[in-house]
Amino acid sequence: MKSRIGILSLLLGACSQAMAIGIELSDMTEAEKEALSPREVMLANEASRKSITEQSNMKMTLTNARGDKRVRDVLMLIDDSNQLARKTYLEFSSPRDVKDVRILTLEKEEITEDDDRWLYLPALKRVRRISASNKSESFMGTDFSYEDFEIADGVVGSKNHEYTLLREETIEDALGVEKHCWVIEAIPVTEHQIRESENSKRIIWVDQEHFAAIQEHYFNKNGELFKIRTSSDVRPYPAEGGKTVWRPMRIEMTTQATGHKTTVLLNDFKVDEGIPENVFTRSYVANQQL
Amino acid sequence: MKWYFKAIIDWPRTTLLGLLIATVLLGLGLPKLEIRNNSDSELPESDPIVATKERIDEIFGDKSAILIGIETDNIYNTDTLQKVADLSLELEKVDYVIPNEITSLSTVNNVVGTDEGLAIGTLMKEVPATPEEIAALQRKVDGNDMIRGALVSDDHRFTAIVANLKDGADQATVYRQVYDLIRKYEGPETLYASGEKIFSEEIDSGVQADSNLLTPLSLLMIMAVLYFFLRSPRGVALPWLSIVISIVWTLGFMGHIGLKQSVVSSMLPALLVIIGSSFSIHIMLHYYAATRDNGSLSPKQAAFSAVEHLGRPLFLAGITSSLGAMSLVVFNVLSIREFGIIFSVAILFSLFLCATVIPSLLAMLKIQVRDTDNLRGTRWLTGVLQRMTWLSLNRPLLVLTAFALVATLSVFGIQRIETGLDVASIFPDGHRGKVSLDKFGDNLGGVRVLSVMVEAPESGGIKSPEYLRKIAEFEAFMKEQPGVGHATSFSDVVMQVAKSLNPEWGGVGRIPDTRNEIAQYLFLYDISGTPGDFANLVDYDYRRARIQVTLNTSDPDDHARLYRQARDFWSANLPQGANVEFGGDTLFWIAQSEYVVKGKVLNIILSVCIIIFFVSLIYRAISAGFIAVLPVVMGGLVTFGVMGFAGIRLDIAAACISGVMAGIGIDFSLHYLDRLRVHRRENNSDIPEACHKTQMLVGRSIIYDAITNAVGFFVVTASGFVVVKNFGYLLAISMMATSISVVLLVPVLLLLTKPRFASRGTAGETTEPGIAPERTETAMAPQ
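The rules behind each value
Residues numbered from 1 in each chain as written. Chains lettered and ligands numbered in written order. Predicted model: local features only at pLDDT ≥ 70, side-chain atom pairs only at ≥ 80, totals over all residues. Heavy atoms only, no water. Contact = heavy atoms within 4.5 Å. Buried area = accessible area lost by both parts, 1.4 Å probe. Salt bridge = Lys/Arg side-chain N within 4 Å of Asp/Glu carboxyl O. Polar contact = N/O pair within 3.5 Å; in protein donor to acceptor, adjacent residues only side chain to side chain. Helix = DSSP H or I, 4+ residues; strand = E, 2+ residues; numbered from the N terminus. Nonpolar A, V, L, I, M, F, W, Y, C, P; charged D, E, K, R; others polar. Buried < 20%, exposed > 50% of the residue type's maximum accessible area, 1.4 Å probe, protein only. pLDDT = per-residue confidence, 0-100. Core = buried A, V, L, I, M, F, W, Y, C linked by side-chain atoms within 4.5 Å. Pairing = 2+ DSSP bridges. Domains from an automatic or database assignment. Axes fitted to C-alpha atoms, helices over the stretch in contact; angles between N-to-C directions. Parallel < 35°, antiparallel > 145°, perpendicular 65-115°, else oblique. Left-handed = near helix turned anticlockwise from the far one by under 90°.

Let's talk about the interface of chain A and chain B
- Across the boundary between the two partners, chain A contributes 40 residues, which contact 41 residues of chain B.
- Carbon and sulfur atoms make up 53% of the area that chain A and chain B hide from each other, which totals about 3400 Å².
- The tally of links between chain A and chain B comes to two salt bridges.
- Ionic pairing is found between glutamate 504 of chain B and arginine 126 of chain A, a salt bridge with its closest N-O pair at 3.7 Å.
- Where chain A meets chain B, there are 10 residue pairs in polar contact (both at pLDDT 80 or more).
- Those elements that place two or more of their residues in the side of chain A that touches chain B are β1 (53-63), β2 (69-79), β5 (116-121) and β6 (126-130) of chain A.
- The dominant element in the side of chain A that touches chain B, judged by the number of residues it contributes, is β6 of chain A, at four residues.
- In terms of residue class, the side of chain A that touches chain B is made up of 15 nonpolar, 13 polar and 12 charged.

Right, dumping it as structure tokens:
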């Protein structure tokens, strides 16, 4: 069984794909923006955020319906140099009793092969191999699924989905900033996508200024709205090749039926600053020696 | 009262028109009548058990769940597993189901050590197709103590899907949709449904169906017996009309004021039949006595004679019954309290209607004469009535001794009364509700839950080895007790992860020695599942853990014993500074049962006091109060005694019925005493003679009433539902016991005590001279 885990691609940016749709995002005129098809908007969205590597100190806050919170701090490193096989390294620094728990995920290029995942628990002082997860499973016990962290609508994703422009409208993002958006409906069309995805439909609000997807509604296989994501505090970061990527520093996912939500805040965010290759190895996970 | 009867008899048409309008207006409330079936609201919010339960429920987000069981020779085959996956998905579409909170093989989170490493995440990510994949799945299940025995039976023949429901789920809707699914997926596997909502609906609809069939049947039976006694269509039709209108008024009134119908108040129609027939038999027999004794009466005069002397006893009986019903408010169980209130109103409605509908219709109908003493087929009864009085008057000590013996025997029976509701006994054998309850009990340890919450003094405290070991010990202790099917706790999660990460332990889980180790194991589990995966076992800041003990016994005594054992364990083992609380539906039933017993005792005391006080006040003699109450107490003793010997449990319905019977009993006593005084005043008779005369009219009314209702409600015992069956038995038994006590015991008491009040005319009047009660051997021995 192959589980494509494009971990945290949502947070990822690089302009390597920018030319794929033949447009320079920052120079686009209003008229050119007007002329974009919904599919082109989604390609531009990918282009606006894609990078080769990224790193950040992530603060994940899980809040249940009663308002109780669990907070986790994690260092996250991603290497997307091979676009078909992402490498992700996670190192938890809090809560205190799980400090130094480390997880490495190495995707395989072959879609039929399982990803390699390694877990280091300081209490056991050893590395254990752990099984891969399905796309539709929860990411690290949060409201996000692994699927939610992939770039669902980029060059690859747009082959699996049909896009329809529902309307254009101005909405407030989670921080109350007004954004003029395209409202685009994405429906999985390929057999593979229909089978693998937990969504039967998504509605995406793409900001017309920086092409950031600032809000997304997810509909489950029964056609019910079951999750809502909001992204805000979108900031520019210089990336490889002199490009600029725009990335939200605050992302929140709420599960409608349970009222549970996960808020992710990115700190010390950097893209394309070069992460040593050895970080993404089993031995580094075990002893943190490069 | 007489002016009132005069008015309605003079203007019968106007009266009936007024009643019609009132009936239409009150009837408009019928469509508004709602049914309440949320058992949580039964107990007072302030109750410590309710408060604890609410607190535990709130912390752990307790929700009502539905369970679907799948049974086949071996569930480990692709088709059955595919059904589990499909059903789990389709259940999401059922109204009120929380889509993220469905637990089955295809959704449950699992941490298990495998040859390849550590398998985490959904247990059955894809339905296995090959024998190897199936075997791998089975190995995972067998290696997880939280899944084996809880989701899959040890013999692999049974697996469950559990779906949590949103608050306020409508049981009828859920029931219908779940059974639609079951029909769709059934075969070759057998599917079962369970869970509180399914269960309640099975009971409600089953009881409803039985009541719908049996209540009219018993009403018909009552009418037939009444016809036998009176041989007159009007003797049946007039009481029937009054009763039907009183049912419309009562239920309509409930609808108007927004009082919801509960299982208890669903007995109202049947009780109104009893009350109404009691009121109206008196009126009808008085009518026939009047027309027989005086052949020249006009219809209006006859109608007036029927109620002329009845006004006082009817009114007094109505008020005392109503007060008796009101005494049910001492119960701390909401549905009983509400029932007490509505029933006291219902009695007044019934009294008003019988005393209005029957005389005003009689005034419009031609005179009818019936010699009720000499009707063919009932003459023997006349003989029996006479013999009873003869026995009381001539062998009073014998009668007293007999009653004393019966009372003593009853006390023995009462000591054997069991309380609480045995769920398994609700359904008739073979009913699918019972079958499914048994299936879940046999295979997965039951559906009844006793919850224990252990609370550490600070956040994260539960993660300490000390707490987790105690919890694990408690679980092991409970699992050894008979009646416990399964137990799950947060310690299981830790042990499951620990043994998966430490294959050298040989598949045996244990609690790690350090807090950090525990925290990291939990963390691993946490990040491998969905949010709130074990929210039902530990709260968000790891301060409180809940142990869920499922019980495979439905005996309330077992429940109470297990609760005591759990409490004792923790009072001896609780870590320093920690706190423990108990909850779960089992505890709720235990509490309710305690309330029913406590309430019943209070209620009996209160109704006896009300009767004594009220009757003493009316007759201005304490002796009247005691004479009136003794037969009622006797009737109660016998009824409870029979309950004890017959194994009928004192549940909510039984508690209400016996409360109601006190009201009926006092009606009998009051009619008897009042008529007796009329005879003594009008005819200057001595006590024995007055007793004989009273027996022929009032005694006959009482016995006829008891027989008609006993026969009628005996029909109800044909129901397969024990609740309904017991309801029938209790009504039949208490009617007979109370009526016999009144007609046999009151004459004895009067004769032996010769109370002053019995020689007076009406309440408040001075004693008439010359009617010195003296004992004479009566010449009226039975022929």
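A few points about the pattern of salt bridges
- A full pass over the atoms with the stated rule returns 44 salt bridges over all chains.
- Of the charged contacts, one joins arginine 235 of chain A and aspartate 233 of chain A as a salt bridge, the two residues approaching to 2.8 Å between their closest N and O atoms.
- Given a relative accessible area of 38%, arginine 235 of chain A falls into the partly exposed group.
- Judged by relative accessible area, aspartate 233 of chain A falls into the partly exposed class, the value being 27%.
- A salt bridge links glutamate 189 of chain B to lysine 83 of chain B, with the shortest nitrogen-to-oxygen separation between them at 2.5 Å. Of this pair, glutamate 189 of chain B sits in the loop between α6 (171-185) and β6 (190-194) while lysine 83 of chain B sits in helix α4 (residues 78-91); the two residues are 106 residues apart in sequence, bridging distant segments of the chain. Taken as a pair, glutamate 189 of chain B and lysine 83 of chain B share a single burial class, namely buried.
- Because the salt bridges share partners, they merge into one network encompassing Arg55, Glu455, Asp539, Arg543, Arg544 and Glu581 of chain B.

Quick look at the confidence of the model for chain A
- Per-residue confidence for chain A averages 83 on the pLDDT scale, and 88% of its residues sit at or above 70.
- Note on residues 1-23 of chain A: pLDDT under 50 across the span, and 116 contacts to partners over four residues away in sequence or across chains.

Observations concerning the nonpolar core
- Within the largest apolar cluster, 154 residues are counted, with the highest numbers of intra-cluster contacts made by Ile336, Phe339, Phe343, Tyr672, Leu750 and Phe757 of chain B.
- Those residues in contact with phenylalanine 339 of chain B, other than ones at most four positions away along the chain, are Val264, Ser265, Leu268, Leu271, Leu328, Cys656 and Val660 of chain B.
- Membership of the second largest hydrophobic core comes to 86 residues, among which are Val74 and Phe269 of chain A together with Leu522 and Ala566 of chain B.

Thoughts on the pairing of β6 of chain B
All names here are of chain B.
- By the criterion of burial, β6 is predominantly enclosed, with four of the five residues buried.
- As judged from the five bridges shared by strand β1 (residues 65-71) and β6, these two strands associate in the antiparallel manner. Bridge pairing links glycine 69 to tyrosine 192 in β6.

Description of the environment of glycine 635 of chain B
- Inspection of the secondary structure assignment puts glycine 635 of chain B in helix α21 (residues 622-646).
- Taking the relative accessible area as the measure of exposure, glycine 635 of chain B reaches 1% and is therefore buried.

A look at the domain arrangement of chain B
All names here are of chain B.
- In terms of domain boundaries, chain B breaks down into domain 1 (2-38 + 202-371 + 591-759), domain 2 (53-201) and domain 3 (441-585).
- One C-alpha centre belongs to domain 1, the other to domain 2; they are set 52 Å apart.
- Across the boundary between the two partners, domain 1 contributes six residues, which contact seven residues of domain 2.
- For the pair domain 1 and domain 2, the summed buried surface comes to about 560 Å²; carbon and sulfur atoms form 33% of the total.
- The interface formed by domain 1 and domain 2 includes zero salt bridges.
- Where domain 1 meets domain 2, there are four residue pairs in polar contact (both at pLDDT 80 or more).
- Broken down by class, the residue content of the side of domain 1 that touches domain 2 amounts to one nonpolar, three polar and two charged.

Some details on the pairing of strand β10 (residues 213-219) of chain A
Residues and elements named next belong to chain A.
- Among the seven residues that make up β10, seven are buried, leaving the element largely enclosed by the rest of the structure.
- Summarising the sheet, strand β9 (residues 201-207) and β10 pair through six bridges and their orientation is antiparallel. Across the sheet, isoleucine 204 pairs through a bridge with glutamate 216, a residue of β10.
- Once β9 ends, the chain turns through five residues before running back antiparallel as β10, passing phenylalanine 211 with a positive phi of about 65°.
- Looking at chain direction, β10 and strand β11 (residues 225-239) are connected through five bridges and run antiparallel. Residue pairing in the sheet places phenylalanine 219 in a bridge with leucine 225 of β11.
- Where β10 hands over to β11, the hairpin turn is made up of five residues, of which glycine 223 adopts a positive phi near 80°.

Re unusual backbone geometry
- Following serine 94 of chain A, the chain continues into proline 95 of chain A via a peptide bond in cis, with omega recorded as 5°.
- Here the amide bond leading from glycine 187 of chain B into proline 188 of chain B is cis, since omega sits at -5°, within 30 degrees of zero.
- Here proline 188 of chain B is to be found in the loop between α6 and β6.
- Not every positive phi belongs to a glycine, and aspartate 272 of chain A is a case in point at roughly 55°.
- Take aspartate 272 of chain A: it is sitting in the loop between β13 (261-271) and α5 (282-287).
- Given a relative accessible area of 16%, aspartate 272 of chain A falls into the buried group.

Thoughts on the packing of helix α10 (residues 299-308) of chain B against helix α12 (residues 334-364) of chain B
Residues and elements named next belong to chain B.
- One way to put it is that α10 packs onto α12 with a least axis distance of 7 Å and a crossing angle of 155°. Classified by the angle between their axes, α10 and α12 sit roughly antiparallel to one another. Where α10 crosses over α12, the handedness of that crossing is right-handed. Across the interface between the two elements, Pro299, Lys300, Ala303 and Val307 of α10 pack against Pro359, Leu362 and Ala363 of α12.
- Looking at side-chain class alone, the contact of α10 with α12 contains six nonpolar, no polar and one charged residues.

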